[in-house]
Amino acid sequence: MKDRALALAGLLQAVQLVQQMAQTGQAQSEPLAASIDSLFRFDAETPEAVFDGAHKLRPGLERLAGQLDGGAGRDAALTRMAMTVLHLERKFIKHHRAPGAVHDGLEEIARQREHFGPSHPTVLARLGELYANEVSPVGPRVLVQGNPVYLGQPDVVGEVRATLLAALRAAVLWRQLGGSYWDFLVGRRALAQATREWLDATA
């Protein structure tokens, strides 16, 4: 459950960044770099290694704790986005060509990521194109609400799509770790406890 909590924190960190982009036109640089970098760790030995350490998921862990608490700290829009990504993951994994096409695309983009860094506009633009070409057609569409001024800018749209790709990566990881919707129903208390343990460890 601790590993699953970390994967869900990765998912929520990414969708929270998407929300920031949609509302303000930009996102926090360090959490964004951590989310985007996870896309290129193909052979990580542990869930923690996917994100280069649990400390880089501190914003996502805090958000997950708030969502599980069910009180005033819960964000319904974030929950809807995250659940849509989890639904998208099921369709994506079962698709006949999308997973292979995304993997091949990421291997190509990895060279630019090494040269420019994970959150460089060129890298984000190419990741956004990969999402638009290979993931969006699989459906369902993730509804992103925000300021129309920013959501009408191609650069921001590309960054949103790139970050949704990172959210999908975390959703795939969660499922690989045995995650299911039962985690939110019967395993909610254990998930909350695991999240608190990660927060204590990264304090």
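Residues numbered from 1 in each chain as written. Predicted model: local features only at pLDDT ≥ 70, side-chain atom pairs only at ≥ 80, totals over all residues. Heavy atoms only, no water.

**Regarding the overall build of the protein**
Filter applied, for reference: Think of it this way: any DSSP run of H or I at least four residues long counts as a helix, any run of E at least two long counts as a strand, and we number them from the N terminus. As defined in this context, the radius of gyration uses C-alpha atoms, and a globule is described by 2.2 Å times the residue total to the power 0.38. Accessible area is worked out with a 1.4 Å probe on protein chains only. A residue is then buried under 20% of its type maximum, exposed over 50%, and partly exposed in between.
Regarding its fold elements, the protein presents eleven helices and zero strands. The C-alpha radius of gyration of the protein comes to 16 Å, within 12% of the 17 Å expected for a compact globule of 203 residues. If one aligns the C-alpha atoms of the protein with their principal axes, the spans along those axes are about 40 × 40 × 30 Å. Counting all 203 residues of the protein, 48% fall into the buried class.

**Describing helix α1 (residues 2–24)**
Note the cut-off: Given the number of residues in a helix, its expected span is that number minus one, multiplied by 1.5 Å.
Its 23 residues place the ends of α1 32 Å apart at the C-alpha level, agreeing with the 33 Å of an ideal helix rising 1.5 Å per residue. One or two residues past the end of α1 sits glycine 25, with phi positive at roughly 85 degrees.

**Observations concerning the packing of helix α6 (residues 98–116) against helix α7 (residues 121–135)**
How we decide: Where helices are involved, their axes are fitted lines through C-alpha atoms of the stretch in contact, as for all axes, and angles between N-to-C directions lie from 0 to 180°. Oblique is the label for any angle not covered by the other classes, which are roughly parallel (under 35 degrees), roughly antiparallel (over 145) and roughly perpendicular (65 to 115). By definition, residues are in contact when any of their heavy atoms lie within 4.5 Å. Polar here means any residue outside two lists: the nonpolar Ala, Val, Leu, Ile, Met, Phe, Trp, Tyr, Cys and Pro, and the charged Asp, Glu, Lys and Arg; Gly therefore counts as polar.
Between α6 and α7, whose axes approach to 10 Å, the crossing angle comes to 175 degrees. Put simply, α6 runs roughly antiparallel to α7. Taking contact as the criterion, the partners of Ala98, Ala101, Val102, Gly105, Leu106, Glu108, Ile109, Gln112, Arg113 and Phe116 in α6 are, on α7, Thr122, Val123, Arg126, Leu127, Leu130, Glu134 and Val135. Residue classes in the contact of α6 with α7 are distributed as ten nonpolar, three polar and four charged.

**A look at a nonpolar patch on the surface**
Heads up, the rule is: A patch is a set of surface residues, each over 30% in relative accessible area and not in a salt bridge, joined within 9 Å for like charges and within 5 Å for the nonpolar side chains Val, Leu, Ile, Met, Phe, Trp and Tyr. To be clear on the numbers: accessible area is Shrake-Rupley with a 1.4 Å probe, and residue cover counts the displayed protein chains and nothing else. Here a salt bridge means any side-chain nitrogen of Lys or Arg lying within 4 Å of a carboxyl oxygen belonging to Asp or Glu.
Taken together, the side chains of Trp182, Leu185 and Val186 present a nonpolar region at the surface, about 400 Å² in accessible area. Among the secondary structure elements, valine 186 is positioned in the loop between α10 (182–185) and α11 (188–201).

**Topic: the nonpolar core**
Here is the rule: The criterion is simple. A nonpolar core is a set of buried Ala, Val, Leu, Ile, Met, Phe, Trp, Tyr and Cys residues joined through side-chain atoms within 4.5 Å.
Judged by nonpolar contacts, the single largest core of 63 residues is most densely connected at Leu11, Leu127 and Leu165. When contributions to this core are tallied by element, the ones reaching two or more residues are α1, α2 (29–37), α4 (58–69), α5 (76–94), α6, α7, α9 (154–176) and α11. Contact partners of leucine 127, with chain neighbours within four places excluded, come to Ile36, Leu39, Phe40, Leu106, Ile109, Ala162 and Leu165.

**Points about α11**
Given 3.6 residues per helical turn, the α-helix brings residues three or four places apart onto the same face. This is how the line gets drawn: Arc, as used here, means the arc of the directions from the helix axis to the C-beta atoms.
Here α11 is 14 residues long and its end C-alpha atoms lie 20 Å apart, about the 20 Å a rise of 1.5 Å per residue gives. Within α11, burial applies to Leu191, Ala192, Ala194, Thr195, Trp198 and Leu199. Each buried residue of α11 lies within a common arc of 160 degrees when the element is viewed along its axis, so the set occupies one face. In α11, the exposed positions that point more than 90 degrees away from the buried face belong to Arg189, Asp200 and Ala201. Each element contacted by the buried residues of α11 is listed here: α1, α3 (47–50), α4 and α10.

**Considering the pattern of salt bridges**
For the structure shown, the criterion picks out eleven salt bridges. For the salt bridge of glutamate 197 with lysine 2, the shortest nitrogen-to-oxygen distance reads 3.9 Å. On the criterion of sequence distance, the pair formed by glutamate 197 in helix α11 and lysine 2 in helix α1 is long-range, its members being 195 residues apart. Glutamate 197 gets classed as partly exposed once you look at its relative accessible area, which sits at 33%. Looking at lysine 2, the relative accessible area reads 34%, which means it is partly exposed. The partner of glutamate 62 in a salt bridge is arginine 58, and the shortest N-O contact between them spans 3.1 Å.

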